Amino acid sequence: MNNDNVIEVNKISKSFDNKEVVKNISFDVRRGEIFSLLGPNGAGKTTLLKMMTTLLKPDQGTISLNGFDTIEQGQRVRQEFSVTGQSTTIDEDLSARENLLIFAKLNGLSSKDAKTRADELLSDFDLINSAEQALSTFSGGMRRRLDLAVSLIGKPHILFLDEPTTGLDPRTRLQMWQAIQKLVEQGSTIFLTTQYLEEADRLADRIALIDHGKMITIGTPDELKQQVGGMQLRIELSDQKDAKSAKVIIQKVLNQPVSVSDKSLVGSIGDPGIKSVTTILDELQNAEISINNLNIESPSLDDVFFKMTVGKN
Ligand SMILES: Nc1ncnc2c1ncn2[C@@H]1O[C@H](COP(=O)(O)OP(=O)(O)OP(=O)(O)O)[C@@H](O)[C@H]1O
């Protein structure tokens, strides 16, 4: 194993009923990284995650976590990671502190160590003021934070966060993001699945995009955005009737197809670069076409997602 790699996924495949849903997937996750797995519904994310967390056996390939093989050393490997989303095991009638103490003892901590760890986690996750409240009175965000705290009792090296902020409001999501970033500062490596591209963009050092069980691309958020093309020009015309002639002008200058919807025209500024924008404005003016608005937009992860994946057929 390369010492910088905490997770090594090597040529993994899995079929259900003769249908291959994970196809020869390989990637590494480096120490201290937030690595995000993205893909449309049915892409194979959950199946991959289950294989990485020893819940499912791959048909082919190997996965190692911190140097331990998930198949050969299943029991040992489970000491290396924790998975969030275990709230079903949390007791609603008990307080946050009591829940943490129970899980700490289940993790083999002495009463004294369990108490210290519970205090540490309650304070790290900003739950100290609600520590004695029964869980049934907790909001969704408090619950998620407690869930994350519970999964950290054993100080795992690797943390699998499966859609950690689904259903949370924007403020609570931000709190979770801060908690996740803090974990990385403290030395954890994080494997994150999310349905929010903004979340991956904001948190992930690298992203793997999969579709129909196959690896589509892997890289930093910026690298992925560059792959779908550089910046885009968006022009909104004052009058929709000019759309056809404006399209001809813009396509000629950009030397690329331009898409039109209502009064807006969008084209990617490829090789001609930003200079082309002045040429376009001059030519539109010569043709007496007036515009309401002009934007130069960098591609977003949404663009990457839509251009590179197909999703369910
Ligand atoms: N136990 C199973 N038996 C049969 N088919 C399965 C099983 N588990 C998953 N599949 C199929 O494997 C494919 C991948 O499913 P998976 O749940 O891994 O996708 P996903 O990317 O997690 O999707 P979502 O975003 O919708 O959760 C799907 O076509 C799904 O129907």
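Every value quoted in this text rests on a predicted model; they were computed, and no experiment measured them. By convention here, each chain's residues receive numbers from 1 onward along its written sequence. Per-residue local features are limited, in this predicted model, to residues with pLDDT of at least 70; the limit for side-chain atom pairs, both in listing and counting, is 80 or more; totals at the level of whole chains, interfaces and linings are taken over all residues. For the side-chain quantities, the full set of heavy atoms in the structure was used; hydrogens and water were omitted.

A. View of the site of the ligand. If even one non-hydrogen atom of a residue comes within 4 Å of a molecule or strand, that residue is called near it. As a matter of local geometry, the ligand sits amid Phe-16, Lys-19, Val-21, Pro-40, Asn-41, Gly-42, Ala-43, Gly-44, Lys-45, Thr-46 and Thr-47. Nitrogen and oxygen atoms within 3.5 Å of one another constitute a polar contact, given that in protein one can donate a hydrogen and the other can accept it, and given that sequence-neighbouring residues count only through two side-chain atoms. At 2.7 Å from an oxygen atom of the ligand is found a main-chain nitrogen or oxygen belonging to Gly-42. Between an oxygen atom of the ligand and a main-chain N or O atom of Gly-44, the distance comes to 2.9 Å. To be clear on the numbers: accessible area is Shrake-Rupley with a 1.4 Å probe, and residue cover counts the displayed protein chains and nothing else. Out of a free accessible area of 630 Å², the ligand has 61% covered by protein chains.

B. Representation of the pairing of strand 4 (residues 60-65) within the structure. Where strand 1 (residues 5-16) meets strand 4, five bridges bridge the pair, whose relative direction is antiparallel. Looking at strand 4, one finds that Ile-7 is bridged to Leu-65. Two strands qualify as a pair provided DSSP detects at least 2 bridges between them. Helix numbers and strand numbers start at the N terminus; a helix is a DSSP run of H or I with at least 4 residues, a strand a run of E with at least 2. The pairing of strand 4 with strand 5 (residues 68-69) spans two bridges and is antiparallel. Paired with Ser-64 across the bridge in strand 5 is Asp-69.

C. Spatial organisation of the nonpolar core. Here, nonpolar core refers to any group of buried Ala, Val, Leu, Ile, Met, Phe, Trp, Tyr and Cys residues whose side-chain atoms link them within 4.5 Å. Burial classes: relative accessible area under 20% of the type maximum marks a residue as buried, over 50% as exposed, and values in between as partly exposed (1.4 Å probe, protein chains only). Among the nonpolar cores identified, the biggest contains 34 residues, and Leu-100, Phe-125, Leu-146, Leu-148 and Ile-190 are the most heavily contacted of them. Elements that contribute at least two residues to this core include exactly helix 3 (96-106), helix 4 (111-124), helix 5 (140-151), strand 7 (158-162), helix 6 (170-185) and strand 8 (189-193). Sort the elements by how many residues they give to this core and helix 6 lands first, with six residues. The residues contacting Ile-190, other than those within four sequence positions of it, are Glu-33, Ile-34, Phe-35, Leu-159, Leu-161, Ile-180, Leu-183 and Val-184. Two residues form a contact once any of their heavy atoms are found within 4.5 Å.

D. Focus on the environment of Phe-35. When you line up the elements, Phe-35 lands in strand 3 (residues 34-38). The sequence separation of Phe-35 and Leu-94 amounts to 59 residues, and the corresponding C-alpha distance is 34 Å. When residues no more than four places from it in sequence are discounted, the contact partners of Phe-35 are Phe-27, Asp-28, Val-29, Ile-190, Phe-191, Leu-192, Arg-206, Ala-208 and Ile-218.

E. How the structure looks around the packing of aromatic side chains. Each pair of aromatic rings taken from Phe, Tyr and Trp, with Trp reduced to its six-membered ring, is defined by centres within 6.5 Å and is described as stacked if the planes are under 30 degrees apart, edge-to-face if over 60, and tilted in the remaining cases. What the rule picks out here adds up to six aromatic pairs. Linked through ring pairs, Phe-27, Phe-35, Phe-81, Phe-160 and Phe-191 together constitute an aromatic cluster. Think of it as a cone above the ring: NZ of Lys or CZ of Arg counts as a charge over the ring if it is within 6 Å of the ring centre and within 35 degrees of the ring normal. Arg-173 extends its terminal NZ or CZ atom over the ring of Tyr-196, reaching a point 3.9 Å from the ring centre.

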